[in-house]
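Tertiary structure, described
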Amino acid sequence: MKLRKYIQKLCCFYASDWHLTVMLLPYINSKIEENSSIYMRCENNIEEKMMILLNKLEIKNKSSIMDINWNNKVAEDDNNINEKIYIVSGRDNFIKEKNKIIEQYYKNKDVKVKIINCYEITKEKNLGEIIEENGYKTILNTKGENEITDSKYI
């Protein structure tokens, strides 16, 4: 039997934890509707900010969003889902370490995994270098998932 393992990596750029929270909310909401499991691996925990935002909005999947694995707990195996999505944010070394752990965990599993690596925009980081260095083909922004074709990123 051949495993149908599929790990896709996307990038995302944000200006602050609040910006990340506001940008991720519509994406998370839509992925919950698609029966995806979402796991957060954030160097700076954004759970509190997400709860504040959710309490100010009327949103369909509010309770499911609040039930997300916000505290970096170990993912549970759930075979009744379409896709596992890991949102990883933090410094470069943190992102690389978490990616390695996730990839190792799913090495011999038949599952669709999406890893969204979120980088805080700083003067020291060049978006194009991050994209090229890591081979990203897709970016997540306020418009959702988009192929990287625009030269402004590179």
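The notes below deal with the structure included here. These numbers were taken from a predicted model, which means no experiment stands behind them.

What counts and how
- Residues numbered from 1 in each chain as written.
- Predicted model: local features only at pLDDT ≥ 70, side-chain atom pairs only at ≥ 80, totals over all residues.
- Heavy atoms only, no water.
- Pairing = 2+ DSSP bridges.
- Helix = DSSP H or I, 4+ residues; strand = E, 2+ residues; numbered from the N terminus.
- Axes fitted to C-alpha atoms, helices over the stretch in contact; angles between N-to-C directions.
- Contact = heavy atoms within 4.5 Å.
- Expected span 1.5 Å × (residues − 1).
- Buried < 20%, exposed > 50% of the residue type's maximum accessible area, 1.4 Å probe, protein only.
- Arc of directions from axis to C-beta.
- Phe/Tyr/Trp six-rings, centres within 6.5 Å; stacked < 30°, edge-to-face > 60°.

Points about the sheet that holds strand β2 (residues 36-42)
Sheet strands line up and pair through hydrogen bonds in the backbone, either parallel or antiparallel. The 6 strands are arranged β2-β3-β4-β1-β5-β6 in an open sheet whose pairing can be described as mixed. Lying at the two open borders of the sheet, with one neighbouring strand each, are β2 and β6 (144-147). In this sheet, neighbouring strand axes are inclined to one another by 25° on average, regardless of whether the strands run parallel or antiparallel. Pairing geometry for strand β5 (residues 138-141) and β6, over 4 bridges, is antiparallel. Following the sheet pairing, N141 is matched in β6 by G144. Each of β1 (6-14), β2, β3 (83-89), β4 (112-120), β5 and β6 touches helix α1 (residues 17-33); the most contacted strand, β1, lies at about 145° to it.

Things to note about helix α4 (residues 92-105)
Note on helix geometry: an α-helix contains 3.6 residues per turn, so any two residues three or four positions apart are oriented the same way. Look at α4: 20 Å from first C-alpha to last across 14 residues, which is about the 20 Å you get at 1.5 Å a residue. Within the span of α4, buried status applies to F94, I95, K98, N99 and I102. Down the axis, α4 shows its buried residues gathered within 130° of arc, on one side only. Exposed and facing more than 90 degrees away from the buried side of α4 are N93, K100 and Q104.

A closer look at the environment of E48
One can find E48 in helix α2 (residues 47-56). Measuring from C-alpha to C-alpha, the distance between E48 and W70 comes to 9.4 Å, with 22 residues separating the pair along the chain.

Examining the packing of aromatic side chains
For the structure shown, the criterion picks out 5 aromatic pairs. Ring centres of Y39 and Y86 lie 5.0 Å apart, and the angle between their planes is 25°; this geometry places the pair in the stacked category. Taken together, the residues span a long stretch of sequence, with Y39 in strand β2 and Y86 in strand β3 at a distance of 47 residues. The same class applies to Y39 as to Y86, namely buried. An angle of 85° between the planes, with centres 4.8 Å apart, marks the rings of Y105 and Y106 as edge-to-face. Among the residues examined, Y105 registers a relative accessible area of 33% and is labelled partly exposed. Given a relative accessible area of 1%, Y106 falls into the buried group.

Observations regarding α2
Along α2, the residues classified as buried are M50, M51, L53 and L54. Each buried residue of α2 sits inside an arc of 165° when the element is viewed along its axis, so together they form one side. Of the exposed residues in α2, the ones pointing more than 90 degrees away from its buried face are E48, N55 and K56. Turning to α2, the residues buried within the fold contact α1 and α3 (62-66).

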